[in-house]
Amino acid sequence: MKTAALPLIALLATGCAGPIAASPEARTTQYLASIRGRTAFETVFVREMPKGGELHTHLSGAVYAESYLRWAAEDGLCARRSPPSIVDPPCDPARGDVSGAAIALDVPLYRALVDGFSMRNFPYATGSGHDHFFDTFERFDARRERYGDMLAEVVSRLARQNTRYVEVMQSLGVGGANRLGREAGWSDDLAVMSTRVPESAVAAVVADARQRMDAQEARMRALLRCGQAGEDPGCGVTLRYLVQMIRTVPREEVFAQAVAAVAIIEADPRAVGLNLVAPEDDPVAVRDYRDHMRVIDHVTRHGTRVNVALHAGELTPSLVTPEVASDHVRLAVELAGARRIGHGTDIAWEHDARGTLAMMASRGVAVEHCLRSADAILGLRGAEHPWGLYREAGVAQVLCTDDEGVSRTDLSREYLLALQSFGLGWTELKTLARNALSHSFLPGATLWERGSINAACRSEVPGAERPGEGCARWLAGSERAREQWRLEASLRRFEAMW
Ligand SMILES: [Zn+2]
């Protein structure tokens, strides 16, 4: 972190500052208040602030269009003009295909491809942001060998924003699991389903997923030159995975995906949980939603076998029917046992919203807000967003990007948007950063309990480089607490700058 630049900005911005506050936290609060409404200053502030972690990012959507186009050129793939997309060779001139190498030389095509792969320049007045957003995923593609490049882009970008923990969502083993599901067929009796898709059947899927993680991480580390002089700061990011299941396929395939996801998570500590993805308003996803929740409840034993995070309530009552937008968050928490809810933007329209919010607060279920994504897909922003509803109910909130490449955002811009949309102060921003680790799926006890530090470390300076013996021993026993301790050190350095 650059330690010289910000105090200068502080000096420039706080010409009229009053008496200097006593504690570093109070001084940081004072500084942030002094730059309120000055976007450039606030941008520098949120970029440099330690943001704890990123818990909701889809690997393929996190990559910027420009990277996909560069790899298409290097890997000999083709670009198609309509719809703008990357396709496998041979390039078909009859369909207007050009070779990857020629993309950068054709500026109008290059611009159309970047716009076609993302929300850049999207004409919201005349088109559906929702449809364009989800359509982009059919357009960009990269060879399997590029997944290490994709991870390198994600962790390097996070590290440059002073953020050192990420749970990346990736479809690990979906293809193999779907085949097993098709062979099994569906039964409403999930005990019968478990006999048709036993865990032993997914052993090859698990082995392939683990081999994939090994290979892509080796490529990522090589690209970032980890362990060598001048390594990329991304090497310092702790990388974990959420196994991504797809909700738009037949129920029996979703069942097999769940079995495979649990098996992968139990076999490999790098995979820390599962999630269920793809448009929630898709007709199959709508029809089968309750069955999907039953499947996850059954296979994960209500989230006790493995950690469950679910996209739920990423809807509005006009995108679907009011009835459909009435219970998805509730079912994800109550029936499936989710510990984190992705989006949850329909909450105000759900039956017994107060009851669901109270349930989330009492069970410690967090909500993952992806503000730019909610705006692009659902048109929810500012006062239309249920941020305040969750906050006042005492539900833990975290900020995430969802698909930073598609949305043309990053975690800092999400913090900036929250800061400006909801008038957040420093202590609220700091809580958001801490929540990202408290509600991560890392194993071990949490450093923070009901707003105070665990007794083993309470007498220490949070984040101290050499904590006392008792605290050090306690930290050694918890991966989560060690990551939280590292964040406290970053927060202390950040607050000391003002
Ligand atoms: Zn998502």
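Conventions adopted
- Residues numbered from 1 in each chain as written.
- Predicted model: local features only at pLDDT ≥ 70, side-chain atom pairs only at ≥ 80, totals over all residues.
- Domains from an automatic or database assignment.
- Contact = placed C-beta atoms within 7 Å.
- Helix = DSSP H or I, 4+ residues; strand = E, 2+ residues; numbered from the N terminus.
- Nonpolar A, V, L, I, M, F, W, Y, C, P; charged D, E, K, R; others polar.
- Pairing = 2+ DSSP bridges.
- Axes fitted to C-alpha atoms, helices over the stretch in contact; angles between N-to-C directions.
- Core = buried A, V, L, I, M, F, W, Y, C linked by C-beta atoms within 7 Å.
- Buried ≥ 20, exposed ≤ 12 C-beta atoms within 10 Å, placed from the backbone.

A.B. asks: I keep staring at the domain arrangement of the chain and nothing clicks. Help me out?
C.D. replies: Interface size is commonly expressed as the accessible surface area that is lost when the partners come together. According to the domain assignment, the chain consists of domain 1 (5-51 + 448-495), domain 2 (65-117) and domain 3 (144-424). The distance between the C-alpha centroids of domain 1 and domain 3 comes to 29 Å. Contact residues are listed per partner, giving eleven residues for domain 1 and eleven residues for domain 3. Among the secondary structure elements, those contributing two or more residues to the side of domain 1 that touches domain 3 are α3 (39-48) and α24 (479-495). Tallied by class, the residues present in the side of domain 1 that touches domain 3 amount to three nonpolar, two polar and six charged.

A.B. asks: Mind showing me how you'd approach the sheet that holds strand β11 (residues 397-399) here?
C.D. replies: Strand pairing in a sheet takes place through backbone hydrogen bonds and is either antiparallel or parallel in direction. The eight strands lie next to each other as β1-β5-β6-β7-β8-β9-β10-β11, forming an open sheet whose pairing is parallel. Every other strand in the sheet has two partners, leaving β1 (54-58) and β11 as the edge strands with one partner each. For this sheet, the mean angle separating the axes of adjacent strands, direction not counted, is 25 degrees. Two elements, strand β7 (residues 271-277) and strand β8 (residues 307-312), share two bridges in a ladder whose sense is parallel. Bridge assignment links leucine 274 to a residue of β8, and that residue is valine 308.

A.B. asks: Any chance you could explain the nonpolar core here in plain terms?
C.D. replies: Nonpolar side chains in soluble globular proteins generally cluster together in the buried interior. Among the nonpolar cores identified, the biggest contains 127 residues, and Val243, Ala258, Val259, Ala260, Ile264, Ala332 and Ala338 are the most heavily contacted of them. A per-element tally of this core places helix α13 (residues 251-267) first, with eleven residues. Residues contacting valine 259, with those up to four places away along its chain left out, are Val197, Glu199, Val202 and Val299. In this structure, Leu447, Cys457, Ala481 and Trp485 belong to the second largest nonpolar core, which totals eight residues.

A.B. asks: Please explain the environment of alanine 184 as it appears in this structure.
C.D. replies: Along the chain, the position of alanine 184 falls in helix α10 (residues 174-184). Spatially, the C-alpha atom of alanine 184 lies 7.0 Å from that of glutamate 252, the residues being 68 residues apart in sequence. Excluding its chain neighbours within four sequence positions, the residues that come into contact with alanine 184 are Met193, Arg196, Val197, Glu252 and Ala256.

A.B. asks: How do you make sense of unusual backbone geometry when you look at a structure like this?
C.D. replies: Comment: phi is negative for the bulk of residues other than glycine, and the bulk of peptide bonds are trans. In the segment running from serine 82 into proline 83, the intervening peptide bond is cis, with an omega of -10 degrees. Considering the arrangement of structural elements, one finds proline 83 in the loop between β2 (78-80) and β3 (85-87). Put simply, proline 89 and proline 90 share a cis peptide bond, and its omega is 5 degrees. For alanine 278, which is not glycine, the phi torsion reads 95 degrees and is therefore positive. If you trace the backbone, alanine 278 turns up in the loop between β7 and α14 (283-287). A positive phi angle, close to 80 degrees, is found at histidine 343, a residue other than glycine. Here histidine 343 lies in strand β9 (residues 340-343).

A.B. asks: I keep staring at the sheet that holds β2 and nothing clicks. Help me out?
C.D. replies: Pairing is antiparallel across the open sheet formed by three strands, whose spatial order is β3-β2-β4. In the strand order of this sheet, the two ends are held by β3 and β4 (98-99), each with one partner. Judged from the three bridges that link them, β2 and β3 form a sheet pairing that is antiparallel. For arginine 80, the partnering residue across the bridge sits in β3 and is serine 85.

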